[in-house]
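Remarks on the overall topology
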Amino acid sequence: MSDLVTGDAVVLGLRPARLPSRALAFSLDLAVYLTGYLLVSIGLLYATASLDAAANAAVTLASFLLVLVGVPIAVETLSHGRSLGKLACGLRVVREDGGPIRFRHALVRGAMGVVELLGTLGTVACIASLVSERGRRLGDVFAGTLVVRERVPGARVMPVPPPPPWLAGRFTGLDLSAVPDGLWLAIRQYLTRMNQLDPAVGTAMAAKLADELVARTGAQPPAGVPAAAFLMAVVHERQSRDAARAFGGQRAAAAAAPPAAAPVVTPPVMPPLVPPVAPPVAPVMPPAAPVAPVSPAAPVQPARGTGFAPPA
């Protein structure tokens, strides 16, 4: 762990990158830049075929400086110390006080890199990195920078202490849109390490950060509220808004969506109730009985539709 201490007496928990990881990141960056330089050189070769030798030499030198020197400087400046190789290896270039680098830092690093990296094939940079306690090369020494590891295995993020209960919900109407990310980071670092600071130094830092926060928001804290408690309450309010923005949007979308129509269950079509028809039963003939003589004037006709004659 690095022993870097800022001007406000905040100990930075940074891990300086060593030679193997830096060499791997530089190799990846160099492969990308050489590929771009090769493509640019081929294009310029066809574009400047009609020029003389002096013009071709000038164009070649300009393309070399542009691709292998200008592009790395621009990438480190715009990405705040994260090139493609460093991003792949989890590294980042920062100032000695832990802040993000600027153009002048990237310019000094790039200018020195031409000498110690490209001019000597990295020999000077390797020796300087091995000798330095923090693994810095000459470009880092002259620029006042340090290459650190961003992804630390097993690192635990310290939570921000909760505000006092009597301050909860007091800053719901506070406008936090003008507070920059750098100030939020400084406040968070202070709150997670304020117990490690000297009480007098911690009180002074809390007052300074609270004044900057009040200047950005334009609202004065309640009278009698300590600066550290004010910072805790405001950070808690910001975290609550971020959580509401992240999860409340999904809930609002779910509430605004029309309720899904209940599936229409069609009852099964039942056949009409028809009285069961008994199967035809074979007629049971009674035993033969003596038939009384019937008068011929009144002949007995069998009943229609029955199929058999009724018994006498």
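In what follows, the structure referred to is the one given above.
For the structure given in this document, a descriptive report is provided here. (Residues numbered from 1 in each chain as written. Predicted model: local features only at pLDDT ≥ 70, side-chain atom pairs only at ≥ 80, totals over all residues. Heavy atoms only, no water.)

Re the overall build of the chain
For the chain, the helix and strand inventory stands at nine helices and three strands. Each helix and strand of the chain, placed in order from N terminus to C terminus, yields the pattern β-α-α-α-β-α-α-α-β-α-α-α. Split into buried and exposed, the 312 residues of the chain put 28% on the buried side. Considering only contacts in the chain between residues 6 or more positions apart, those separated by 24 or more positions represent 71%. (Helix = DSSP H or I, 4+ residues; strand = E, 2+ residues; numbered from the N terminus. Buried < 20%, exposed > 50% of the residue type's maximum accessible area, 1.4 Å probe, protein only. Contact = heavy atoms within 4.5 Å.)

Overview of unusual backbone geometry
Positive phi, close to 55°, is recorded for H80, a residue that is not glycine. Inspection of the secondary structure assignment puts H80 in the loop between helix 2 (53–78) and helix 3 (84–89). Here the phi dihedral of L121 falls at roughly 55°; this positive angle occurs in a residue that is not glycine. Residue position: L121 is located in the loop between helix 4 (103–119) and helix 5 (123–131).

Section: the sheet that holds strand 2 (residues 91–95)
Whether parallel or antiparallel, the strands of a sheet pair through hydrogen bonds between backbone atoms. Read from one edge to the other, the open sheet built from three strands follows the order 1-3-2, with strand pairing classed as antiparallel. The open sheet has two edge strands with one neighbour each: strand 1 (15–16) and strand 2. Pairing of strand 2 with strand 3 (residues 145–149) involves five bridges; the strand directions are antiparallel. Opposite R95, over in strand 3, you have T145 as the bridge partner. (Pairing = 2+ DSSP bridges.)

Observations concerning the packing of helix 2 against helix 4
For the pair helix 2 and helix 4, the least separation of the axes is 9 Å and the interaxial angle reads 140°. Between helix 2 and helix 4, the angle is such that the two are oblique. Two packed elements cross with a definite hand, and for helix 2 against helix 4 that hand is right-handed. Taken together, the residues of helix 4 that come into contact with helix 2 (itself represented by F64, L68, V69, I73, E76 and T77) are F103, A106, L107, R109, G110, V114 and L118. Its residues assigned to classes, the contact of helix 2 with helix 4 comprises nine nonpolar, two polar and two charged. (Axes fitted to C-alpha atoms, helices over the stretch in contact; angles between N-to-C directions. Parallel < 35°, antiparallel > 145°, perpendicular 65-115°, else oblique. Left-handed = near helix turned anticlockwise from the far one by under 90°. Nonpolar A, V, L, I, M, F, W, Y, C, P; charged D, E, K, R; others polar.)

Looking at the pattern of salt bridges
Within the structure shown, the criterion is met by seven salt bridges. Between R22 and D140 there is a salt bridge, and its shortest N-O distance comes to 2.9 Å. Taken together, the residues R22 in helix 1 (residues 19–47) and D140 in helix 6 (residues 138–143) connect sequence positions 118 residues apart. For R22, a relative accessible area of 14% gives the class buried. Salt bridges here are not isolated pairs; linked through shared partners, they connect R22, E76, K86, R109 and D140. (Salt bridge = Lys/Arg side-chain N within 4 Å of Asp/Glu carboxyl O.)

Some points on the packing of aromatic side chains
The final tally for this structure, using the stated rule, is one aromatic pair. Judged by centre distance (6.1 Å) and plane angle (85°), the rings of Y37 and F64 are edge-to-face. Taken together, the residues Y37 in helix 1 and F64 in helix 2 connect sequence positions 27 residues apart. Under the relative-accessibility criterion, F64 is labelled partly exposed at 26%. (Phe/Tyr/Trp six-rings, centres within 6.5 Å; stacked < 30°, edge-to-face > 60°.)

A look at a nonpolar patch on the surface
A contiguous nonpolar patch, built from L38, I42, L45 and Y46 and spanning about 480 Å² of accessible area, is present on the exposed surface. Secondary-structure assignment places I42 in helix 1. The class for I42 is partly exposed, based on a relative accessible area of 40%. (Patch = residues over 30% accessible without salt bridge, like charges linked within 9 Å, V, L, I, M, F, W, Y side chains within 5 Å. Areas by Shrake-Rupley, 256 points an atom, 1.4 Å probe, with all protein chains shown as cover.)

Some details on the packing of helix 7 (residues 181–193) against helix 8 (residues 199–217)
Two packed helices can be described by the angle between their axes and the distance between those axes. Their axes nearest at 11 Å, the elements helix 7 and helix 8 cross at an angle of 150°. Comparing the axis directions of helix 7 and helix 8 gives the class roughly antiparallel. When the axes of helix 7 and helix 8 are compared, the crossing they make is left-handed. Across the interface between the two elements, L183, W184, A186, I187 and Y190 from helix 7 touch G202, M205, A206, L209, E212, L213 and R216 from helix 8. Across the contact of helix 7 with helix 8, the residue classes break down as nine nonpolar, one polar and two charged.

Here we look at the nonpolar core
Core analysis: the largest hydrophobic core is formed by 28 residues, its most contacted members being I187, Y190, L191, L213, F230 and L231. Of all elements in the fold, only helix 7, helix 8 and helix 9 (227–256) reach the threshold of two or more residues within this core. With eight residues, the top contributor of residues to this core is helix 9. Those residues in contact with L213 that sit more than four places away from it in its chain are V179, L183, W184, I187, F230, L231 and V234. Residues A17, A25, V93 and V147 belong to the second largest nonpolar core, which totals six residues. (Core = buried A, V, L, I, M, F, W, Y, C linked by side-chain atoms within 4.5 Å.)

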